[in-house]
Amino acid sequence: MQMVSVKRASRGASSRSGSRTAKAVQIIIAAVASSLLAAFTASLVEPDDLTWASALTAPSRRLEFVHVTKTGGSAIEKAGADKGIIWGACHYMNITDVGCDDPDLPYVAPDFQSYALTSPWHTPAKVLKTQQTPSPYTDDADLFVVVRNPYDRVLSEYYCPWVGFQPKFRKNTKHEKDPNDPKIMNYWVKNMVTKLEQSLNEYSSTSPKDRPKEQARGLNEDPYNLAQKHYVNQAEYIFDGAEQVVKNIVHYEDLTKEFDLLMKEYGLEVRIPPKESSGTYTNQKKKLTYRDLDEESIAAINRYAAKDFDLLGYKKVDKFRPDDEYSLKAELR
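Residues numbered from 1 in each chain as written. Predicted model: local features only at pLDDT ≥ 70, side-chain atom pairs only at ≥ 80, totals over all residues. Heavy atoms only, no water.

Scanning the protein from N- to C-terminus turns up 12 helices and five strands. When burial is assessed residue by residue, the protein has 41% of its 333 residues classed as buried. Of all intrachain contacts in the protein linking residues separated by at least 6 positions in sequence, the fraction that spans at least 24 positions is 66%. Accessible surface computed for the protein: about 19,300 Å², of which carbon and sulfur atoms make up 53%. (Helix = DSSP H or I, 4+ residues; strand = E, 2+ residues; numbered from the N terminus. Buried < 20%, exposed > 50% of the residue type's maximum accessible area, 1.4 Å probe, protein only. Contact = heavy atoms within 4.5 Å. Areas by Shrake-Rupley, 256 points an atom, 1.4 Å probe, with all protein chains shown as cover.)

Structural data, given as structure tokens:
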């Protein structure tokens, strides 16, 4: 009886020991299999193209582009269109140069000037949401924007073929002056910035409830410079009061690198080529740079774009000196 009891106890202990051993073996096999699978997956994915791997952990939310003028937006719209993704102006119209031909939002260009409704792809999301009009900036989307150093951006606005100095795409433009004359450029910049600042201040000082509920040609029109939204402060797009409404910020100064990282984060197979080959409306004849801005122009920009400098990390100066080492890049916080 005792021996039987001992045998039974021995068999029970042996059984438990065998069970533990089997489980340990299973754990080891699973770990080895997982390691082998990870190594095999890594061998299939190039280090600089982790889209497939990133997609496994990519956010489930949709990514939507907010197009600030003169920040490479047309190139981004084109990059999206090449992969069947509708961004920016492509939501509203066919654009042959960009490659988008399947708009998904109804749009009829107003015959009057409106900050909210004229070129809505350039309208800040916080403004567009106040209108009874379809918008791509729905609650299921994360927004991203490209920002640019205000000094560099204003030169791009100056050479803009749509609303810049002697714009080639505007009817009846007379090309009588040299656009590469620093005096002409600085006069244009000071005039443009001062007038736009006035228009934005007037708009911002009016309570939303006091703004006209309807707009029409010759009635309740916004100023042309405000409606076109060229050189509107970038902070106007990113913030609504103290709230940051655009989640993802890409810097123009590192556009290709930061854009690629953002696309990988969201599991999107979209890549933007170098600016030289993707700038849809790039003006190749530009000769002046931000260093040609005079002190009065710089002062006007510093005053007007104060939030862009303060909130986005770009450095302000009072003048550009030949021997300084000013960097256009933002100081990331």
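Before going further, it helps to spend a moment on unusual backbone geometry. Comment: phi is negative for the bulk of residues other than glycine, and the bulk of peptide bonds are trans. Of note, the phi angle at S119 is positive, near 45°, even though the residue is not glycine. Within the secondary structure layout, S119 lies in the loop between helix 3 (73-82) and helix 4 (125-128). A positive phi angle is found at N220, which is not glycine, with a value near 55°. By the secondary structure assignment, N220 is in the loop between helix 6 (182-204) and helix 7 (224-228).

In this section: the pattern of salt bridges. With the rule as written, the count across this model stands at 15 salt bridges. One salt bridge connects D142 with K247, and the closest N-O pair in it is separated by 3.7 Å. A residue pair is termed long-range when its members are at least 10 positions apart, and D142 in strand 2 (residues 141-147) and K247 in the loop between strand 4 (243-244) and strand 5 (248-251) qualify at 105 residues. Residue class for D142 comes out buried when judged on its relative accessible area of 8%. Here K190 and E296 are joined by a salt bridge, their closest N and O atoms 2.9 Å apart. (Salt bridge = Lys/Arg side-chain N within 4 Å of Asp/Glu carboxyl O.)

For the rest of this paragraph, the subject is the state of the cysteines. Considering all chains together, one arrives at one disulfide under this definition. Between the sulfur of C90 and that of C100 lies a disulfide, 2.4 Å long from S to S. Here the S-S torsion is close to -80°, and the disulfide linking C90 with C100 is therefore left-handed. Of this pair, C90 sits in the loop between helix 3 and helix 4 while C100 sits in the loop between helix 3 and helix 4, placing them 10 residues apart in sequence. Taken individually, C90 and C100 each receive the classification buried, so the pair is uniform in this respect. (Disulfide = S-S within 2.5 Å.)

The next thing to look at is the environment of F165. Within the secondary structure layout, F165 lies in the loop between helix 5 (150-158) and helix 6. The exposure class assigned to F165 is buried, which follows from its relative accessible area of 16%. Aside from chain neighbours lying at most four places away, what touches F165 is Y158, K177, P179, I184 and W188.

Next up on the list: the packing of helix 5 against helix 11 (residues 295-304). The N-to-C vectors of helix 5 and helix 11 enclose an angle of 110°; their axes lie 11 Å apart at closest approach. Considered as vectors, helix 5 and helix 11 are oriented roughly perpendicular to each other. Touching P150, Y151 and V154 of helix 5 are I298, I301 and N302, all from helix 11. Tallied by class, the residues present in the contact of helix 5 with helix 11 amount to five nonpolar, one polar and no charged. (Axes fitted to C-alpha atoms, helices over the stretch in contact; angles between N-to-C directions. Parallel < 35°, antiparallel > 145°, perpendicular 65-115°, else oblique. Nonpolar A, V, L, I, M, F, W, Y, C, P; charged D, E, K, R; others polar.)

A separate point is the packing of aromatic side chains. This structure, assessed with the given rule, holds 18 aromatic pairs. Both rings, one in Y107 and one in W121, keep their centres 5.6 Å apart while their planes meet at 75°; by these two values the pair is edge-to-face. Taken together, the residues Y107 in the loop between helix 3 and helix 4 and W121 in the loop between helix 3 and helix 4 connect sequence positions 14 residues apart. Relative accessible area serves as the criterion here: at 23%, Y107 is assigned to the partly exposed category. With relative accessibility at 11%, the residue W121 sits in the buried group. (Phe/Tyr/Trp six-rings, centres within 6.5 Å; stacked < 30°, edge-to-face > 60°.)

With that out of the way, let us pick up the side chain of E157. Note that E157 resides in helix 5. Contact partners of E157, with chain neighbours within four places excluded, come to T69, K70, V163, G164, W188, H230 and Y231.

Turning our eyes to something else, we now look at the sheet that holds strand 5. Spatial ordering of the open sheet is given by 1-2-5, a layout of three strands whose pairing is parallel. Two strands in the sheet have a free side with no partner beyond their single neighbour: strand 1 (62-66) and strand 5. Within this sheet the neighbouring strands show an average axis-to-axis angle of 30°, counted without direction. In terms of strand pairing, strand 2 meets strand 5 through four bridges, oriented parallel. When the sheet's bridge partners are listed, F144 is paired in strand 5 with N248. (Pairing = 2+ DSSP bridges.)

The values are spatial; any link to function lies outside them.
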